[in-house]
Amino acid sequence: MALSSQSASASLPSSSAPRSKHDVFLSFRGDDTRKGIVSYLYHELQNRGIQTFMDDQGLQQGMPISPSLLAAIEESRCAIVILSPNYASSTWCLDELAKILQCFEAKKTLVLPIFYNVDPSDVRNQRGSFAEAFTKHEERCRQGNDDVEKVKKWRAALTQVANLSGLDSNKYRSDIELVQGIVELVCSDVRPISIMSNGGFESFEATRQAMDELMKALNNDEVTTIGVYGMGGVGKTTMAKHVSAQAQKKGLFDHVIMAVVSQTPDTRNIQGALADLLGLKLEEESVIGRAGRLQKEMLRRNKILIILDDIWNRLDLSSIGIPNYNELQICNSKVLLTTRRLNVCHSMESQANIHLNFLSEEDAWNLFLKKARKSFQKSTEFFEVARKIARECAGLPIALIAVARALGDKDFEDWKRAAQLLEMSQPANFDEEKDVFKCIKLSFDYLDTEDAKSCFLLCSLFPEDYDIPIEDLMKYGFGTGLFREVNNTIENARVVAYSVTK
């Protein structure tokens, strides 16, 4: 039965489909709605980061629906169908609707009907203006201009869509209120899962204090630039992403976008990462041209949180296309940067600097136990060795997790040897990251096979912070003689590679 209450009681079914080319496809009768509610709805969806397909060309009477339009329907995660009084008079709209419902059945495309100045029961039973439209379609059938079976298909489609949960414009005081209801519903139920999501995030005493400070800064209208600093491996990126996701969920930001800067910044890659998360395609060839386009888009929108991760030195934001701090403040947008150095925060003129400290010994021990998937009886030798190993990780989450996973399935002798190695380990470059180095080195030494170790070393061929596809790793490894224990074939190598990297 069609929904006829406010959007608070409306919900769309969830979908496990992979992200498509478009988030939303708009189906509407141009003569009724193009210059009114549809134009406003399209603008609001785009402004909230929902990639929306709206055909703005129109078709001449009698022209068939184009293959590109059918493809756009297939490439959309959701279809919003604006059922206006003259919707059924357009064979084009009816063909769109039939295709949308075909995808609804076959691909689990989400469908949201909007009953715009029409009674849902008129749509369901083809009464009123819908009856008049089908009288004309059936007359064309008698004249041999329309297919009888197609007309039956159109009727069935209208009945089906009217039985889906949707929104009734008659229950809203204005088109503005209706559009707001549609947008909120789409943003909550259709928006693709953001890279900001951190389902397995764990907070400890050190992170909770930093999280509270960060959320306070994000809520402060006077603060435009925020720096999170701390030693490598302490969890700055994870914490920043988690808090940002919470801020977006609370409505502080409409968009949260992120790029990794690293020691050797690649301006084009940074621009591309930010543009992708804004749903923007940068077609300009020059870095300057891309920066201008990105800046224009950021100024057009409101409430953007821009995360610049792993900054090592002062970065010229204008060269990327990020507006200056005064412009960002006018748009209610902010920059959040993560770095290992407080002086970088100062050079970037950060207005709130938040230090993320090491884990306390007890929090570090609890994280270590969880990742090792072991329990130890107190006052035993095994317990004391395990506590010693955890202390050697110096409260660094990355080190604790690496060592715990490396030792989790090993016997007591391996644990004792690991404790000795960690205690004796002194890296060649003795700096603040010596604890991370020795822990990562231990996890490498405890890899089960030579293939696993070689695969680990192959990762050094890729740039810093690069998301390495396992398929690429397999190809490089196979070319150098790895993954060839059983049958010298690519397919068997692929199986071994996935097993090694799991």
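Residues numbered from 1 in each chain as written. Predicted model: local features only at pLDDT ≥ 70, side-chain atom pairs only at ≥ 80, totals over all residues. Heavy atoms only, no water.

## Here's the deal with the overall build of the protein chain
The helix and strand tally for the protein chain stands at 22 helices and 10 strands. Within the protein chain, buried positions represent 48% of all 502 residues. Here the contacts in the protein chain between residues at least 6 apart in sequence split such that 74% fall between residues at least 24 apart. Surface accessibility of the protein chain: about 25200 Å² in total, with carbon and sulfur atoms responsible for 48%. (Helix = DSSP H or I, 4+ residues; strand = E, 2+ residues; numbered from the N terminus. Buried < 20%, exposed > 50% of the residue type's maximum accessible area, 1.4 Å probe, protein only. Contact = heavy atoms within 4.5 Å. Areas by Shrake-Rupley, 256 points an atom, 1.4 Å probe, with all protein chains shown as cover.)

## Let's talk about the pairing of strand S4 (residues 110-115)
A large share of S4 lies buried, amounting to six of its six residues. Because side chains alternate across S4, one face comprises the buried residues Leu110, Leu112 and Ile114, and the other comprises Val111, Pro113 and Phe115, equally buried. Bridge analysis of strand S3 (residues 76-83) against S4 gives six bridges, and the strand direction is parallel. Bridged to Val81 within S4 is Pro113. By the bridge criterion, two bridges tie S4 to strand S5 (residues 167-168) in an arrangement that is parallel. (Pairing = 2+ DSSP bridges.)

## Topic: the nonpolar core
One finds Leu214, Ile226, Phe368, Ile389 and Trp415 to be the most contacted residues of the largest nonpolar core, which totals 48 residues. When residues in this core are grouped by element, the largest group, six residues, is from helix H8 (residues 205-219). Those residues in contact with Leu214 that sit more than four places away from it in its chain are Ile226, Val228, Met239, Ala240, Val243, Leu336 and Ile354. With 31 residues, the next largest nonpolar core counts Leu69, Phe130, Ala133 and Cys141 among its residues. (Core = buried A, V, L, I, M, F, W, Y, C linked by side-chain atoms within 4.5 Å.)

## Description of helix H1 (residues 30-47)
Its 18 residues give H1 an end-to-end C-alpha distance of only 22 Å, which falls more than 12% under 26 Å, the value for a rise of 1.5 Å per residue. Along its length, H1 shows its largest kink, about 45°, at Ile37. Of all the residues in H1, the buried ones are Gly30, Thr33, Ile37, Val38, Leu41, Leu45, Gln46 and Asn47. Positive phi shows up at Gly49, right after H1, with a value of about 85°. (Expected span 1.5 Å × (residues − 1). Bend = angle between axes of the 7 residues up to and from the residue.)

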